[in-house]
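Understanding the architecture of this molecule
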Amino acid sequence: MTTHASVKSITLLGVLTAMQIMLNSLLSVQFLTTKIAFAFVVVAITARLFSPLVTAGSTALAYFLGMVLFPKFTFFPGFILTAFLTGLVFGVAFYRQTSLPRILLANFIVLFILNLFLNSLWLHLMYLTPWSALLTTRFIQEIVSYIIYTSVLIVLFKVPVINQLTTRFNAK
(Lines give C-alpha, C1' and ligand atoms only; values in the text may rest on other atoms or scores of the structure.)
Protein backbone atom coordinates (compact mmCIF):
# COMPACT_ATOMS: atom_id res chain seq x y z
CA MET A 1 0.00 0.00 0.00
CA THR A 2 1.41 3.38 -0.94
CA THR A 3 1.85 6.18 1.54
CA HIS A 4 -0.94 8.17 -0.12
CA ALA A 5 -3.35 5.23 0.17
CA SER A 6 -2.29 4.68 3.79
CA VAL A 7 -2.99 8.29 4.66
CA LYS A 8 -6.40 8.07 2.98
CA SER A 9 -7.20 4.85 4.84
CA ILE A 10 -6.18 6.23 8.22
CA THR A 11 -8.11 9.43 7.58
CA LEU A 12 -11.24 7.54 6.56
CA LEU A 13 -10.94 5.24 9.57
CA GLY A 14 -10.58 8.27 11.84
CA VAL A 15 -13.69 9.89 10.38
CA LEU A 16 -15.69 6.68 10.73
CA THR A 17 -14.51 6.25 14.33
CA ALA A 18 -15.51 9.84 15.11
CA MET A 19 -18.92 9.19 13.57
CA GLN A 20 -19.31 6.14 15.80
CA ILE A 21 -18.53 8.27 18.85
CA MET A 22 -21.08 10.87 17.82
CA LEU A 23 -23.85 8.38 17.07
CA ASN A 24 -23.14 6.20 20.11
CA SER A 25 -22.54 8.92 22.69
CA LEU A 26 -24.28 12.12 21.67
CA LEU A 27 -27.11 10.94 19.45
CA SER A 28 -28.34 8.04 21.55
CA VAL A 29 -30.84 7.48 24.33
CA GLN A 30 -29.42 5.78 27.42
CA PHE A 31 -31.40 4.16 30.22
CA LEU A 32 -30.04 2.05 33.05
CA THR A 33 -30.33 -1.30 31.27
CA THR A 34 -30.88 -0.31 27.65
CA LYS A 35 -29.46 1.97 24.98
CA ILE A 36 -30.85 3.07 21.63
CA ALA A 37 -28.24 4.20 19.10
CA PHE A 38 -27.52 3.99 15.37
CA ALA A 39 -23.74 3.63 15.51
CA PHE A 40 -24.16 0.11 14.10
CA VAL A 41 -24.59 1.72 10.66
CA VAL A 42 -21.09 3.21 10.83
CA VAL A 43 -19.68 -0.05 12.23
CA ALA A 44 -21.19 -1.89 9.24
CA ILE A 45 -19.66 0.60 6.78
CA THR A 46 -16.30 0.31 8.55
CA ALA A 47 -16.60 -3.48 8.38
CA ARG A 48 -17.25 -3.32 4.66
CA LEU A 49 -14.13 -1.23 4.06
CA PHE A 50 -11.60 -2.48 6.62
CA SER A 51 -10.47 -5.85 7.92
CA PRO A 52 -12.28 -7.49 10.85
CA LEU A 53 -9.52 -6.68 13.34
CA VAL A 54 -9.32 -3.04 12.26
CA THR A 55 -13.11 -2.77 12.52
CA ALA A 56 -13.04 -4.39 15.97
CA GLY A 57 -10.28 -2.07 17.19
CA SER A 58 -12.03 0.98 15.79
CA THR A 59 -15.32 0.02 17.44
CA ALA A 60 -13.67 -0.63 20.81
CA LEU A 61 -11.73 2.65 20.59
CA ALA A 62 -14.86 4.57 19.66
CA TYR A 63 -16.72 3.10 22.63
CA PHE A 64 -13.84 3.87 25.01
CA LEU A 65 -13.43 7.45 23.78
CA GLY A 66 -17.18 7.97 23.93
CA MET A 67 -17.22 6.85 27.56
CA VAL A 68 -14.26 9.07 28.44
CA LEU A 69 -15.54 12.15 26.61
CA PHE A 70 -19.29 11.77 27.23
CA PRO A 71 -19.88 9.49 30.23
CA LYS A 72 -23.51 8.52 30.80
CA PHE A 73 -23.08 5.77 33.39
CA THR A 74 -20.37 4.04 35.40
CA PHE A 75 -17.42 2.91 33.31
CA PHE A 76 -17.05 -0.86 33.03
CA PRO A 77 -14.37 -2.43 30.79
CA GLY A 78 -16.62 -5.35 29.81
CA PHE A 79 -18.53 -3.08 27.47
CA ILE A 80 -15.30 -2.41 25.56
CA LEU A 81 -15.00 -6.16 25.03
CA THR A 82 -18.57 -6.25 23.72
CA ALA A 83 -17.79 -3.35 21.36
CA PHE A 84 -14.63 -5.12 20.14
CA LEU A 85 -16.54 -8.37 19.53
CA THR A 86 -19.33 -6.47 17.74
CA GLY A 87 -16.79 -4.94 15.37
CA LEU A 88 -15.19 -8.35 14.88
CA VAL A 89 -18.50 -10.05 14.06
CA PHE A 90 -19.51 -7.30 11.64
CA GLY A 91 -16.01 -7.34 10.16
CA VAL A 92 -16.06 -11.08 9.50
CA ALA A 93 -19.59 -10.89 8.09
CA PHE A 94 -19.30 -7.78 5.92
CA TYR A 95 -15.65 -7.37 4.86
CA ARG A 96 -15.78 -6.84 1.09
CA GLN A 97 -19.03 -8.78 0.73
CA THR A 98 -22.55 -8.79 2.07
CA SER A 99 -25.58 -10.98 1.62
CA LEU A 100 -28.89 -11.46 3.37
CA PRO A 101 -27.72 -14.56 5.29
CA ARG A 102 -24.60 -12.69 6.48
CA ILE A 103 -26.68 -9.72 7.64
CA LEU A 104 -29.15 -11.98 9.46
CA LEU A 105 -26.45 -14.04 11.15
CA ALA A 106 -24.26 -11.07 12.14
CA ASN A 107 -27.24 -9.23 13.62
CA PHE A 108 -28.33 -12.35 15.49
CA ILE A 109 -24.87 -12.84 17.02
CA VAL A 110 -24.46 -9.17 17.93
CA LEU A 111 -27.94 -8.62 19.33
CA PHE A 112 -28.83 -11.89 20.98
CA ILE A 113 -25.43 -13.19 22.07
CA LEU A 114 -23.33 -10.08 22.64
CA ASN A 115 -25.91 -7.44 23.54
CA LEU A 116 -28.47 -9.61 25.30
CA PHE A 117 -26.26 -12.04 27.19
CA LEU A 118 -22.83 -10.43 27.45
CA ASN A 119 -24.07 -6.90 28.17
CA SER A 120 -26.62 -8.32 30.61
CA LEU A 121 -23.74 -10.04 32.38
CA TRP A 122 -21.91 -6.71 32.67
CA LEU A 123 -25.03 -4.99 33.99
CA HIS A 124 -25.61 -7.82 36.47
CA LEU A 125 -22.03 -7.51 37.73
CA MET A 126 -22.25 -3.71 37.96
CA TYR A 127 -25.65 -3.23 39.55
CA LEU A 128 -26.56 -6.73 40.86
CA THR A 129 -29.74 -6.53 38.83
CA PRO A 130 -31.59 -9.87 38.83
CA TRP A 131 -31.16 -11.92 35.64
CA SER A 132 -34.88 -12.30 35.15
CA ALA A 133 -35.41 -8.54 35.11
CA LEU A 134 -32.48 -7.96 32.77
CA LEU A 135 -33.30 -10.67 30.28
CA THR A 136 -37.03 -10.01 30.04
CA THR A 137 -36.71 -6.28 29.45
CA ARG A 138 -33.68 -6.57 27.20
CA PHE A 139 -35.06 -9.49 25.15
CA ILE A 140 -37.96 -7.38 23.91
CA GLN A 141 -35.57 -4.55 23.06
CA GLU A 142 -33.29 -6.91 21.13
CA ILE A 143 -36.17 -8.32 19.08
CA VAL A 144 -37.12 -4.80 18.03
CA SER A 145 -33.45 -3.95 17.43
CA TYR A 146 -33.01 -7.07 15.28
CA ILE A 147 -35.79 -5.98 12.97
CA ILE A 148 -34.41 -2.42 12.78
CA TYR A 149 -30.75 -3.48 12.32
CA THR A 150 -31.66 -5.99 9.63
CA SER A 151 -33.92 -3.61 7.72
CA VAL A 152 -31.44 -0.73 7.86
CA LEU A 153 -28.45 -2.86 6.82
CA ILE A 154 -30.31 -4.48 3.94
CA VAL A 155 -31.18 -1.04 2.60
CA LEU A 156 -27.71 0.38 3.40
CA PHE A 157 -25.85 -2.30 1.47
CA LYS A 158 -28.10 -1.76 -1.56
CA VAL A 159 -27.31 1.97 -1.73
CA PRO A 160 -25.22 2.51 -4.88
CA VAL A 161 -22.96 5.10 -3.22
CA ILE A 162 -21.93 2.62 -0.51
CA ASN A 163 -21.18 -0.05 -3.11
CA GLN A 164 -19.19 2.40 -5.25
CA LEU A 165 -17.23 3.59 -2.21
CA THR A 166 -16.45 0.00 -1.26
CA THR A 167 -15.36 -0.89 -4.77
CA ARG A 168 -13.13 2.18 -5.12
CA PHE A 169 -11.64 1.82 -1.66
CA ASN A 170 -10.89 -1.91 -1.97
CA ALA A 171 -9.46 -1.55 -5.50
CA LYS A 172 -6.40 0.19 -4.08
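Refer to the structure above for everything that follows.
Residues numbered from 1 in each chain as written. Predicted model: local features only at pLDDT ≥ 70, side-chain atom pairs only at ≥ 80, totals over all residues. Heavy atoms only, no water.

We now examine the packing of helix H4 (residues 78-94) against helix H5 (residues 100-127). In a pair of packed helices, the angle between the axes and the distance between the axes together describe the arrangement. At a minimum axis distance of 10 Å, the contact between H4 and H5 shows a crossing angle of 175°. By the angle between their directions, the pair H4 and H5 is classed as roughly antiparallel. (Axes fitted to C-alpha atoms, helices over the stretch in contact; angles between N-to-C directions. Helix = DSSP H or I, 4+ residues; strand = E, 2+ residues; numbered from the N terminus. Parallel < 35°, antiparallel > 145°, perpendicular 65-115°, else oblique.)

If you look at the biggest cluster of nonpolar residues, it comprises 36 residues, and the most contacted ones within it are Ala44, Ile45, Phe90, Phe94, Leu153, Leu156 and Phe157. Taken together, the elements giving at least two residues each to this core come down to helix H2 (39-49), helix H3 (52-69), H4, H5, helix H6 (131-156) and helix H7 (160-170). Tallying contributions element by element places H5 first for this core, with eleven residues. Not counting residues up to four positions away in its chain, the partners in contact with leucine 156 are Val41, Ala44, Ile45 and Ile162. (Core = buried A, V, L, I, M, F, W, Y, C linked by side-chain atoms within 4.5 Å. Buried < 20%, exposed > 50% of the residue type's maximum accessible area, 1.4 Å probe, protein only. Contact = heavy atoms within 4.5 Å.)

Quick look at the packing of aromatic side chains now. Scanning the entire structure with this criterion turns up 13 aromatic pairs. A ring pair is formed by phenylalanine 73 and phenylalanine 79, whose centres lie 5.7 Å apart and whose planes are at 80°; its orientation type is edge-to-face. One aromatic cluster is present, formed by Tyr63, Phe73, Phe76, Phe79 and Trp122 through successive ring pairs. (Phe/Tyr/Trp six-rings, centres within 6.5 Å; stacked < 30°, edge-to-face > 60°.)

What follows deals with a nonpolar patch on the surface. A cluster of nonpolar side chains, Val29, Ile36, Phe38, Phe139, Ile140, Ile143, Val144, Ile147 and Ile148, forms an exposed patch at the surface whose accessible area comes to about 780 Å². Its location among the elements puts isoleucine 148 in helix H6. Residue isoleucine 148 is classed as partly exposed on the basis of its relative accessible area, which comes to 36%. (Patch = residues over 30% accessible without salt bridge, like charges linked within 9 Å, V, L, I, M, F, W, Y side chains within 5 Å. Areas by Shrake-Rupley, 256 points an atom, 1.4 Å probe, with all protein chains shown as cover. Salt bridge = Lys/Arg side-chain N within 4 Å of Asp/Glu carboxyl O.)

Taking 1.5 Å per residue as the helical rise, H4 with its 17 residues ought to reach 24 Å, and the 24 Å between its terminal C-alpha atoms agrees with that figure. Along H4, the positions that sit buried rather than exposed are Gly78, Phe79, Thr82, Ala83, Thr86, Gly87, Val89, Phe90, Gly91, Ala93 and Phe94. In this fold, the buried residues of H4 make contact with H2, H3, H5 and H6. Phi for arginine 96, located one or two positions after H4, is positive at around 65°. (Expected span 1.5 Å × (residues − 1).)

Axis separation between H2 and H4 bottoms out at 8 Å; the angle between their running directions is 50°. In terms of orientation, H2 lies oblique with respect to H4. As H2 runs across H4, the sense of the crossing is right-handed. Contact residues: Phe40, Val43, Ala44, Ala47 and Arg48 in H2; Gly87, Phe90, Gly91 and Phe94 in H4. Taken together, the residues of the contact of H2 with H4 sort by class into six nonpolar, two polar and one charged. (Left-handed = near helix turned anticlockwise from the far one by under 90°. Nonpolar A, V, L, I, M, F, W, Y, C, P; charged D, E, K, R; others polar.)

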